[in-house]
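# Secondary and tertiary structure notes
Chain by chain, the residues:
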Amino acid sequence: MSRRERGPEPGPGGAEAAAEDAEPESPDQCLSLLPWDRFSAWLHCVCVVGFDLELGQAVEVIYPPHSKLTDKEKTNICYLSFPDSNSGCLGDTQFCFRFRRSPGRKVSLCCFLDQLDRDLPVYLKKDSAYYYGYVYFRQVRDKSLKRGYFQKSLVLISKLPYVHLFRTMLKQIAPEYFEKSEAFLEAVCSDIDHWPPPVPGKVLQLPIMGFIIKLRIPTYRDKPGTAPIVQNMHQADAQISMALPTVHEVDLFRCFCPVFFHIQMLWELVLLGEPLVVMAPSPAESSETVLALVSCISPLKYCSDFRPYFTIHDSEFKEYTTRTQAPPSVILGVTNPFFAKTLQHWPHIIRIGDIKLPGEVPKQVKVKKLKNLKTLDSKPGVYTSYKPYLNKDEEIVKQLQKGVQQKRPTEAQSVILRRYFLELTESFIIPLERYVASLMPLQKCISPWKSPPQLRQFSQDDFMKTLEKAGPQLTSGLKGDWIGLYRHFLKSPNFDGWFRNRQKEMTQKLEALHLEALCNENLVFWSQKHTEVETVDLVLKLKNKLLQADREHLPVKTDTLKKLQTHINDIILALPDDLQDILLKTGTT
């Protein structure tokens, strides 16, 4: 494969022409992007993993060639890109995995990507500590090879959790790659390097090898459960296009179908950050089920670790399977029979068979006791001694069963299930949102001449008292021990992550209100009544405020910042010339 020092040439997919048709970018974005920066905004790299008779799985190609992966990362990618030998995945298989990034690597596009990340819903924000791997694995008989099989994976490594987008991409490019090899891969990467940046809220057109994917990445401003429909394009040219209804969602009903009598209990287990194992026959089933579990508490972000596909070779294998301490708050998707024994001590295990769309109504399945999970041939089901806090919602089960009987499309079943989870999560979180909003100081407490006031402390007892009149009963008809569920949730990583995020948002709001209060003061008049030392101190503090607003992206109107800059300039111009020169050159202390 040739190394290219300069930017990539336009690929045969006609990427440049289609990129011009895409949403316009702001000039500062265009100017800041260097060759391969556009590629890096979407993917870290593309890997090809093959099987070597002497070495086993090995990374054969990394593209672009300058992409950096540590030895530990390469090892993880090698083992996670192939199904376990017992899975028997003949033909083509798609799945995804997630693994820890090695610490200490700098990101060249850090500021630019952070800017895009700000506008995403919290559950789609990238986690800089992890990479996703999106895999297209092919295993076919080939008598010309010693092993008797052709085995290879094309893997996209990205920080973005856009499962549906990358799955669609791989479906388009992988089969052709296996026929055409490396030159084709170069052309694919070249096309991606002409894509517009992944800006939330814009309709984007992503050309790839003569095919155009049209999509819209959600923003935090979108109302949960709704998304503007991306219309398919009607173009005069011959390029085929596809409009994706989502970039990140999996087929929820298909994933939960084997265990849909237990969906409410599974929602509780995920909400509370309980240790969960999904035992599945193949990585495709394990990864989709884990992703479905993580998404079922949306719009809440699942704040613990989750591994859609986890193997005995994973660098965290010992950490997550040790019996010397309680199982960690993590969701693991596994396929190796060895885990049935290794993870026997875990409190909640979901065993699923082959995921198929039901042609008939699934039979009622009771929750199984953990002691019954001893061997590989244990029946599919949920193995746990967990007692749900909430009474079972029979309505959703009946609604989904009726859908199966009426042969309702799986997409429609997924919409019903997603709405059910959304309403359940919102009913649970609204009382917390309401209470946390009450911790915000009143606006009249904000003085321009004092530091912004602090948020009041979160009190579990005070919050519990609010539930009697303003609890989940206002929006949900479900009965049960809601108080017990809240008490358990307040000790979980999901509460900790949610509360830290709300704290940060409210602290920034207080800083923004403090800035506005300063702007509304006659600062020049104030400076005339104070000493030069006090005035210089004020100017430096105001400059610091402007820098903070920019650095922390405070929710302040542009007009407010301009007004504050004008105040600073007016105060400086009223000072002696020597001080003016110093202050005009000084950014901050």
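Keep in mind the model is a prediction, meaning the values are calculated, not measured.

### A word on the pairing of strand β1 (residues 45-52)
Taken across its 8 residues, β1 has 6 buried, putting it largely inside the fold. In this sheet, strand β5 (residues 149-158) lies alongside β1 in antiparallel orientation, the contact comprising 6 bridges. Counted as the bridge partner of Cys45 is Ile157 from β5. Of the strand pairs in this sheet, β1 and strand β2 (residues 56-63) are connected by 7 bridges, and their pairing is antiparallel. Bridge pairing in β2 links Phe51 to Gln57. If you look at the hairpin formed by β1 and β2, you'll find 3 residues sitting between the two strands.

### A look at the sheet that holds β1
Ordered by their spatial adjacency, 5 strands build an open sheet running β2-β1-β5-β4-β3, and the pairing between neighbours is antiparallel. Each end of this open sheet is capped by a strand with a single partner; those strands are β2 and β3 (91-100). The average undirected angle you get between the axes of adjacent strands in this sheet is 25°. Bridging between strand β4 (residues 130-141) and β5 involves 10 bridges; their strand directions are antiparallel. Paired with Tyr136 across the strands is Leu154, a residue of β5. Sheet strands touched by helix α4 (residues 71-80): β1, β2, β3, β4 and β5. Its angle to β3, the strand with the most contacts, is close to 150°.

Conventions we followed
Residues numbered from 1 in each chain as written. Predicted model: local features only at pLDDT ≥ 70, side-chain atom pairs only at ≥ 80, totals over all residues. Heavy atoms only, no water. Buried < 20%, exposed > 50% of the residue type's maximum accessible area, 1.4 Å probe, protein only. Helix = DSSP H or I, 4+ residues; strand = E, 2+ residues; numbered from the N terminus. Pairing = 2+ DSSP bridges. Axes fitted to C-alpha atoms, helices over the stretch in contact; angles between N-to-C directions. Contact = heavy atoms within 4.5 Å.

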